[in-house]
Amino acid sequence: MATTTTARAEGAPGERWVELAIGGMTCASCATRIEKKLNRMDGVTATVNYATEKAKVTFAEGVEVGDLVATVEATGYTAQLPPPPVPPAAQAPGSAAAAAPDADTTADHELTALRQRLTASVVLAVPVVVLSMVPALQFTNWQWLALTMASPVVVYGAWPFHRATWVNARHGAATMDTLVSVGTLAAYGWSLWALFFGTAGMAGMTHPFDLTVSRADGGSQIYLEAAAGVTAFLLAGRYAEARAKRRAGAALRALMELGAKDVAVLRDGREVRVPVGQLAVGDLFVVRPGEKIAADGVVREGSSAVDASMLTGESVPVEVGPDSPVTGATVNAGGRLVVEALRVGADTQLARMARLVEDAQNGKAAAQRLADRISAVFVPAVIVLALGTLGVWLALGQGPTAAFTAAVAVLIIACPCALGLATPTALLVGTGRGAQLGILIKGPEVLESTQAVDTIVLDKTGTVTTGVMTLVTMDAADGVDKKELLRLAGALEHASEHPVARAIARAAADATGDLPAPAGFTAVPGLGVRGQVAGHDVMVGRERLLRDAGVELPADLAAAKDAAEERGGTAVAVAWDGAARGVLTVSDTVKPGSAEAVRRLRALGLRPVLLTGDNARAAGAVAAEVGIAAEDVHAEVLPEGKVAVVRDLQAAGRTVAMVGDGVNDAAALAQADLGLAMGTGVDAAIEAGDLTLVRGDLRVAADAIRLSRRTLATIKANLFWAFAYNLAALPLAAAGLLNPMIAGAAMAFSSVFVVGNSLRLRTFTATPAEPAGPAAL
């Protein structure tokens, strides 16, 4: 079960909000009912999320949290009071992690209990169905064995449905649970009457195979296979749903795992390594190369390059020195840093990002199950029809047995086996086919969003582009061999840990083989490196590094540098022996299939939007290359800004899908109507997304939406036929003409049809890739 949080002041003066953990919800309509009850209170605005089992409630002065809990409980559900405030020191990531196992353990126990209930029901229901449907297996007194096996399924297995029906009935509501409970109990109850008071319990009894439409003796008919089979089918669907809900908080856990676990704090001039939860504001701590920065702060000593892609999505590292701000969970890619902690624990940027994800999950409207929507009308109509049938038959003087036979037949035929198969089988086949194509679909609620999506927001770094710095061009001065330019620059850069240096060194090693070892290597913070390679005094870095040494770029190289930067690349100047020799351009390159992916998404009726924390020039260059309009580019956007862009699009009436791979995308993925996470990205993004693209190929996003839409269409068709067969049979049942074999045949045929319709999803194929054009030189 979801955990609660303390009430916090926010919004208008005197307004507070609180998150409550809600228990007892069994379907999306339960969340809707609680939400309506809370919103009827004066000064209360509530959003209830069925997936996360949370209610986010904003309430005015004069309303107490106890009033909110009482209202939820009066509706027939449970709500937990928020715990008392926790001191800031205890709110560090360690404390969040400590609190998580309780909620996780509870959820695991609930899932285990449901799995045990499902396993027992399937083991017992399968023999009952087989015995009832295969006359050759119906030995003497087989019906009593069927009763013995069906009883635990109807009582124990279907208990969640019965309990939910009772709660709903007390509040005058009917849901899918009501239909399941009433139908299975009607089938089971009538079977008991037929076995003990009718003729169905006699030795040698078999199910008749009369396919004519005629009145039959209700005392000779049993429906144990319907009661047991429907229960097992629907428990399977409920278990799949519970597993999907179990992952609702995984994005938050993944985010908190990204933070540093311990930190080297300076105490009396010595380094003391302590758990990060003991770090306090004002402490000085040491960050060595490759380590994560433990908290938000400011650099007091040292200089380095910091990989801030977790926060900004920008692949180019940020150069930092004394008085430069740094963010917790980013990675020190260069030298030793001494940082003063300014924000720790729940106040860090990482913790705020976690809250953004949680707020987005709670704020997203819970998807309404199609079956629940239909049952809101279907269930009351069936119950009224059954009561009407009973009354009419009694009024016509046909006798209690005939009247109850017809009324119960209405209830039995209204509970279709195919209904339990409609969603699970389509999901099973659709998600299985998706997995073969590198597409992971989290659950049925995901599919409904794909139908309405009209805008798709694409993160740049790691999604549209590779996310890895790569050498893309070389411009050499007159008379300089490009291979020699790359060899000398790569040899010197090979001694550096800077990501740009690694890109050059990697390209040099690939092009020239073994690189000579440099001598007298020196890193100039923020500017570049210098040293001796193969007898030459070499400098590689920013133009200012050369200028400080009295070396100017000639006009042709200066023009090449400006052109590279205009395209959004990082220009690196190379000089040796007192003269500028060339300019190397390093950039995050566009993935080969990104332009084709954008075309496919447009063909599906989607408007592509590029969203990135990178600079405007780099974003514009990438957008132009893949075919995204300039007005649909949002650059230099931090995580909060990404969420804001998605919200603005939603406020403008757009239904938004988001594709991303980084931590900085997690909140936007959760906020979007449909989140597609690249499987090559971080766990936080993957958990916050609704669909995962395993291969990290953006072209798969179009296939994912096509597959999801087709799976949803299959579910809708399945539900239509699941209800259609029964709707067609209801008049026969009401007229007392429902022969048990016809009822069984109709139920079996509808189930076979639903399964067959779902299996057609196995023929879904990915769109073939377009032929590759000539390679760029």
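What you are looking at is a predicted structure, and each value in this text was computed from that prediction instead of being measured.

What to know about the overall build of the protein
For step 1, the next point in the chain: Helix and strand counts for the protein stand at 26 helices and 27 strands.
For step 2, the next point in the chain: Taking all contacts inside the protein whose residues are at least 6 apart in sequence as the whole, residues at least 24 apart take part in 70%.

Here we look at helix α2 (residues 65–74)
For step 1, the next point in the chain: All buried positions along α2 are accounted for by V65, L68, V69, T71 and V72. Relative to the axis of α2, the buried residues are bounded by an arc of 160 degrees and lie together on one face.
For step 2, the next point in the chain: Positive backbone phi, approximately 110 degrees, marks G76, located one or two places after α2.

Here we look at the sheet that holds strand β6 (residues 262–267)
For step 1, the next point in the chain: In spatial order, the strands read β7-β6-β8-β14-β9-β12; together these six strands make up an open sheet with antiparallel pairing. One side of each edge strand has no neighbouring strand; the edge strands of this open sheet are β7 (270–275) and β12 (325–326).
For step 2, the next point in the chain: Looking at chain direction, strand β8 (residues 284–287) and strand β14 (residues 337–343) are connected through four bridges and run antiparallel. Looking at the pairing, V286 lines up with V338 of β14.

Looking at the UniProt feature "transmembrane region" (unreviewed entry) in the protein
For step 1, the next point in the chain: Here the UniProt feature "transmembrane region" (unreviewed entry) sits at residues 118–136, 142–159, 179–202, 222–240, 374–396, 402–429, 717–735 and 741–759.
For step 2, the next point in the chain: Note that residues 179–202 is 75% helix and 0% strand, and that its end C-alpha atoms are spaced 31 Å apart.
For step 3, the next point in the chain: The span residues 717–735 carries 95% helix and 0% strand; its end-to-end C-alpha distance comes to 28 Å.

With respect to the side chain of T714
For step 1, the next point in the chain: Within the secondary structure layout, T714 lies in helix α25 (residues 699–734).
For step 2, the next point in the chain: Residue T714 is classed as buried on the basis of its relative accessible area, which comes to 6%.
For step 3, the next point in the chain: Residues contacting T714, with those up to four places away along its chain left out, are A426, N757, S758 and L761.

Observations regarding the packing of helix α16 (residues 482–493) against helix α17 (residues 499–512)
For step 1, the next point in the chain: As a packed pair, α16 and α17 sit with axes 8 Å apart at the nearest point and diverge in direction by 130 degrees. Considering the angle they form, α16 stands oblique to α17. Relative to α17, the crossing made by α16 is left-handed. Here α16 contributes K483, L486, R487, A489, G490 and E493 to the contact with α17, which in turn contributes A501, I504, A505, A507, A508, A511 and T512.
For step 2, the next point in the chain: Residue composition of the contact of α16 with α17, grouped by class: eight nonpolar, two polar and three charged.

A look at the pairing of strand β25 (residues 656–660)
Along any regular strand the residues' side chains alternate between the sheet's two faces.
For step 1, the next point in the chain: When you tally the buried positions in β25, you get five out of five residues, the bulk of the element.
For step 2, the next point in the chain: Of the two faces of β25, the one lined by V656, M658 and G660 and the one lined by A657 and V659 are each fully buried.
For step 3, the next point in the chain: Taken together, the four bridges between strand β16 (residues 455–459) and β25 define a ladder with parallel strand orientation. From the neighbouring strand, T455 faces β25, where its bridge partner is V656.
For step 4, the next point in the chain: As defined by bridge partners, β25 adjoins strand β26 (residues 674–678) across four bridges and the pair is classed as parallel. Each bridged residue has a counterpart across the sheet, and for G660 the counterpart in β26 is A677.

A look at the pairing of strand β10 (residues 304–307)
For step 1, the next point in the chain: As paired strands, β10 and strand β11 (residues 318–320) are joined by three bridges and run antiparallel to one another. Bridge assignment links A305 to a residue of β11, and that residue is E319.
For step 2, the next point in the chain: Pairing of β10 with strand β13 (residues 331–332) involves two bridges; the strand directions are antiparallel. Across the sheet, D307 pairs through a bridge with V331, a residue of β13.

Section: the packing of aromatic side chains
For step 1, the next point in the chain: The final tally for this structure, using the stated rule, is two aromatic pairs.
For step 2, the next point in the chain: When the centroid spacing of 5.3 Å and the interplanar angle of 75 degrees are considered together, the rings of W144 and F196 count as edge-to-face. One end of the pair, W144, is in helix α4 (residues 142–157); the other, F196, is in helix α6 (residues 176–196), with 52 residues separating them in the sequence.
For step 3, the next point in the chain: Using a relative accessible area of 53% as the deciding quantity, one classes F196 as exposed.
For step 4, the next point in the chain: For the pair W190 and W193, a centre-to-centre distance of 5.1 Å together with 20 degrees between the ring planes defines the contact as stacked. Residue W190 and its partner W193 are located together in helix α6, separated by three residues, close to a single helical turn.
For step 5, the next point in the chain: Under the relative-accessibility criterion, W193 is labelled partly exposed at 32%.

Observations concerning the nonpolar core
For step 1, the next point in the chain: Core analysis: the largest hydrophobic core is formed by 44 residues, its most contacted members being I456, L458, L610, L674 and L676.
For step 2, the next point in the chain: For this core, the leading source of residues is α25, giving nine residues.
For step 3, the next point in the chain: The contacts of I456, once residues within four sequence positions are left out, are L601, L606, R607, P608, V609, A657, V659 and I705.
For step 4, the next point in the chain: By size, the runner-up hydrophobic cluster in this structure holds 39 residues, among which are W142, L179, A227 and A232.

Focus on α25
For step 1, the next point in the chain: Taking 1.5 Å of rise per residue, the 36 residues of α25 would be expected to cover 52 Å, and the 53 Å separating its terminal C-alpha atoms lies within 8% of that figure.
For step 2, the next point in the chain: The sharpest bend along α25 measures roughly 25 degrees and falls at A728, with the proline P731 sitting one to four residues further on.
For step 3, the next point in the chain: Looking one or two residues past α25, G736 carries a phi angle of roughly 80 degrees, positive in sign.

Focus on the sheet that holds strand β18 (residues 519–524)
For step 1, the next point in the chain: Read from one edge of the open sheet, six strands run β17-β22-β21-β20-β19-β18, paired in antiparallel fashion. In the strand order of this sheet, the two ends are held by β17 (465–476) and β18, each with one partner. Taking each pair of neighbouring strands and ignoring which way they run, the sheet shows an average axis angle of 20 degrees.
For step 2, the next point in the chain: Of the strand pairs in this sheet, β17 and strand β22 (residues 579–590) are connected by eight bridges, and their pairing is antiparallel. If you follow T473 over to β22, its bridge partner there is T585.

Some thoughts on the side chain of K591
For step 1, the next point in the chain: Within the fold, K591 resides in the loop between β22 and α20 (594–603).
For step 2, the next point in the chain: Overall, K591 belongs to the buried group, its relative accessible area being 16%.
For step 3, the next point in the chain: In this view, K591 contacts G462, T463, V464, T465, T466, M678 and G696; residues no more than four positions away in its chain are not counted.

Some words on the pattern of salt bridges
For step 1, the next point in the chain: Using the criterion set out here, one finds 22 salt bridges in the structure.
For step 2, the next point in the chain: The salt bridge involving D262 is made with R273; its shortest N-O contact spans 3.0 Å. In this pair, D262 is assigned in strand β6 and R273 in strand β7, connecting sequence segments 11 residues apart.
For step 3, the next point in the chain: On the accessibility criterion, R273 (43% relative accessible area) is partly exposed.
For step 4, the next point in the chain: Residues participating in the shared-partner salt-bridge network are E543, R547, K561, D562 and E565.

Conventions used here
Residues numbered from 1 in each chain as written. Predicted model: local features only at pLDDT ≥ 70, side-chain atom pairs only at ≥ 80, totals over all residues. Heavy atoms only, no water. Helix = DSSP H or I, 4+ residues; strand = E, 2+ residues; numbered from the N terminus. Contact = heavy atoms within 4.5 Å. Buried < 20%, exposed > 50% of the residue type's maximum accessible area, 1.4 Å probe, protein only. Arc of directions from axis to C-beta. Pairing = 2+ DSSP bridges. UniProt positions renumbered as here; feature names shortened; annotations may be inferred. Axes fitted to C-alpha atoms, helices over the stretch in contact; angles between N-to-C directions. Parallel < 35°, antiparallel > 145°, perpendicular 65-115°, else oblique. Left-handed = near helix turned anticlockwise from the far one by under 90°. Nonpolar A, V, L, I, M, F, W, Y, C, P; charged D, E, K, R; others polar. Phe/Tyr/Trp six-rings, centres within 6.5 Å; stacked < 30°, edge-to-face > 60°. Core = buried A, V, L, I, M, F, W, Y, C linked by side-chain atoms within 4.5 Å. Expected span 1.5 Å × (residues − 1). Bend = angle between axes of the 7 residues up to and from the residue. Salt bridge = Lys/Arg side-chain N within 4 Å of Asp/Glu carboxyl O.

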